[in-house]
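# An overview of the molecular structure
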Amino acid sequence: MDKLKPQPLMLPLAWMRGGTSKGLFLLQEALAACAPHPAERDRLLAQLLGSPDPYGKQINGLGGGYSSTSKVMLLARSQQADCDIDYWFGQVDVVSGRIDWSGNCGNLTAAIGPFALFNQMVTVQHDLYSQAASRQCVRLYCVNTAQRIDAQVALRDGQVHWQGVVGEDGVAQLPVLTAAGHDPTQGVAGVEVMLDFLQPAAEAPLLPTGRACDELSVPELGKLPVTLLQAGNPMVFVRAEKFGLKGKEMPEELAKQGKLLAKLEQVRALAAVKMGLAETASEASRVRPATPKLCLVAPPVTYRSSAGNEISRESVDILARMLSMGKPHHAIAGTASIALAVAAALPGTVVSDVARTLPGLATRIGHPSGITPVEAEVLQEAGQWVAKRVRLARSARLLMSGQTLVM
């Protein structure tokens, strides 16, 4: 008789860190079998993370209660002739559970290549001469943004090198476990991944308005200079000083300023309309909370990171304080750092006006957790500025792989 009872449906998934973000990784085909309709799919994904949650903690799910840990990646073998993996990124609002599928996550993108190799979605190419240490390129296609990204994944002995020590500011290096216990002289970060974001599709111009600097009419502020840019994700850049800030403020300081955050969301929503991403500002706030993203920029000054380390004025080229889903980011989104490096290389933007960037060198971005260097190759073609390639070094780690009960 027990065989007649309906059995719980188990869905395979992984929980992965990429850069300074964490998220759910699922195969699109397996998810579609459980939830074939988009609305049903979104409800299931939000539930797995623990949303909607009026308490904002996601205690009843895998999420961590803030935007960097409330994300999903859906993966499939690519339908593109020149790519290996297609993926869809979803930003899940912690409180409402609404998922914004309009953008990409540069940090979490770093985990896709290792995931694909580890799960044999892509075959490891063995080196005939040496398997001691090597890299393999996994060609990614972000369906949301129609962009190609090449991920160079570090291998060792023909396998993903999860025990790499190259990390990034904002991610703790964990002690190495040995037979004798912890080794305090070493730290494990994760597999090293080099991401090359290639020129996006022609339908997504670098400067949506055709101008390096625009003005938004913002109540109580008047005409506000902004740079609206599409690279990695749609972005809005504005000078921190326009809001009485120095650009070295920590997230917890900004989080206490409710009126400031409301005003910045107003700017972001108005920018979305200017970029043609929404009909009205209210629609942008309601339907596109994840994109465009907003970033405050300022000239370099010395400050202390959230880890207590001194970041000297000489070690950075620009300061950045970013908002994600209406809240201050603990570091900087990967896509925001990509767009910022591109904007720093473009004459006349609000970023290049304050950035100390030398041609041909990486832009060193000073954010709350430390420094992120990004290389951007920007040039003019037929009178239009294009970003041919933007390079970002990240690390990734498999945190959990298993099954979850579909409720």
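For the structure, check the block above.
All of the points below concern the structure found in this document. What you see is a predicted model; the values in this text were computed from it and never measured. (Residues numbered from 1 in each chain as written. Predicted model: local features only at pLDDT ≥ 70, side-chain atom pairs only at ≥ 80, totals over all residues. Heavy atoms only, no water.)

Regarding its fold elements, the chain presents eight helices and 22 strands. Taken over C-alpha atoms, the radius of gyration comes to 21 Å for the chain, in line with the 22 Å a tight globule of 407 residues would show. Dimensions of the chain along its principal axes, counting C-alpha atoms only, are 70 × 55 × 45 Å. Across the 407 residues that make up the chain, the buried fraction comes to 54%. Once local pairs closer than 6 in sequence are excluded, the contacts in the chain between residues at least 24 apart make up 64%. Of the roughly 18,500 Å² of accessible surface on the chain, a fraction of 52% belongs to carbon and sulfur atoms. Of the charged side chains in the chain, 39 are positive and 36 negative; the average position of the first set lies 4 Å away from that of the second. (Helix = DSSP H or I, 4+ residues; strand = E, 2+ residues; numbered from the N terminus. Rg over C-alpha atoms; globule rule 2.2 N^0.38 Å. Buried < 20%, exposed > 50% of the residue type's maximum accessible area, 1.4 Å probe, protein only. Contact = heavy atoms within 4.5 Å. Areas by Shrake-Rupley, 256 points an atom, 1.4 Å probe, with all protein chains shown as cover. Lys, Arg positive; Asp, Glu negative; His and termini not counted. Charge placed at Lys NZ, Arg CZ, Asp CG, Glu CD.)

Within this structure, the stated rule accounts for 17 salt bridges. As a salt-bridge pair, E168 and R17 come within 3.5 Å of each other at their nearest N and O atoms. You can see E168 sitting in the loop between β8 (159-160) and β9 (174-178) and its partner R17 sitting in strand β1 (residues 9-18), a full 151 residues away along the chain. Its relative accessible area of 9% is what places E168 among the buried residues. One salt bridge in this structure joins R239 and E241, with 3.1 Å as the shortest N-O distance. Residue class for E241 comes out partly exposed when judged on its relative accessible area of 46%. Members of the salt-bridge network, linked through shared partners, are D196, E377, R389 and R391. (Salt bridge = Lys/Arg side-chain N within 4 Å of Asp/Glu carboxyl O.)

Within the element layout of this structure, A331 appears in the loop between β19 (327-328) and α8 (334-345). On the basis of relative accessible area, A331 is assigned to the buried category, the value being 2%. In this structure, the C-alpha to C-alpha distance between A331 and A320, residues eleven residues apart in sequence, is 9.0 Å. Apart from residues lying up to four places away in sequence, A331 is in contact with T20, H367, P368 and S369.

One finds F25, F237, L340 and V351 to be the most contacted residues of the largest nonpolar core, which totals 66 residues. The leading source of residues in this core is α8, at eight residues. If you look at the next biggest cluster of nonpolar residues, it comprises 26 residues, including L216, L224, L228 and L245. (Core = buried A, V, L, I, M, F, W, Y, C linked by side-chain atoms within 4.5 Å.)

One full turn of an α-helix is made of 3.6 residues, so residues set three or four places apart face in the same direction. Over its twelve residues, α8 extends 17 Å from the first C-alpha to the last, a length consistent with the 16 Å expected when each residue adds 1.5 Å. Across the twelve residues that make up α8, a large majority, eleven, are buried. The set of residues buried in α8 consists of G334, T335, A336, S337, I338, A339, L340, A341, V342, A343 and A344. (Expected span 1.5 Å × (residues − 1).)

Turning next to the state of the cysteines. All chains considered together, the criterion is met by zero disulfides. Counting only cysteine sulfurs, C105 is the nearest neighbor of C295, a cysteine outside any disulfide, at a range of 15 Å. A residue is classified by how much of its surface remains accessible, and C295, at 0% relative accessible area, is buried. (Disulfide = S-S within 2.5 Å.)

Bringing the packing of aromatic side chains into the picture now. Note on aromatic pairs: each is described by the distance of the centres and the angle between the planes. Summed over the entire model, instances satisfying the criterion amount to two aromatic pairs. Where F25 meets F115, the ring centres are 5.5 Å apart and the plane angle is 40°; that geometry is what we call tilted. Residue F25 is located in strand β2 (residues 21-27), and its partner F115 is located in helix α4 (residues 112-118); the two are separated by 90 residues in the primary sequence. F115 matches F25 in its accessibility class, with the two residues each being buried. Seen from their ring centres, F118 and W162 are 5.8 Å apart, and the 80° between their planes marks the pair as edge-to-face. Taken together, the residues F118 in helix α4 and W162 in the loop between β8 and β9 connect sequence positions 44 residues apart. Given a relative accessible area of 43%, F118 falls into the partly exposed group. Taking the relative accessible area as the measure of exposure, W162 reaches 16% and is therefore buried. A cation over a ring is seen here: R321 above Y303, with NZ or CZ 4.9 Å from the ring centre. (Phe/Tyr/Trp six-rings, centres within 6.5 Å; stacked < 30°, edge-to-face > 60°. Lys NZ or Arg CZ within 6 Å of the ring centre and 35° of its normal.)

With respect to the helices and strands, K71 occurs in strand β3 (residues 71-77). Here S21 takes part through its side chain, which lies 2.9 Å from a polar atom of the side chain of K71. (Polar contact = N/O pair within 3.5 Å; in protein donor to acceptor, adjacent residues only side chain to side chain.)

With omega at 5°, the peptide bond leading from S51 into P52 counts as cis. Of note, P52 is situated in the loop between α2 (38-49) and β3.

Okay, α2 next. End to end, α2 covers 17 Å across twelve residues, agreeing with the expected 16 Å (1.5 Å per residue, within 8%). What α2 keeps buried is the set D42, L44, L45, A46, L48 and L49. Positive backbone phi, approximately 100°, marks G50, located one or two places after α2.

A few words now on a nonpolar patch on the surface. Residues M10, L405 and M407 make up a contiguous nonpolar surface patch of roughly 320 Å² in combined accessible area. Turning to its location among the elements, M10 is positioned in strand β1. With relative accessibility at 38%, the residue M10 sits in the partly exposed group. (Patch = residues over 30% accessible without salt bridge, like charges linked within 9 Å, V, L, I, M, F, W, Y side chains within 5 Å.)

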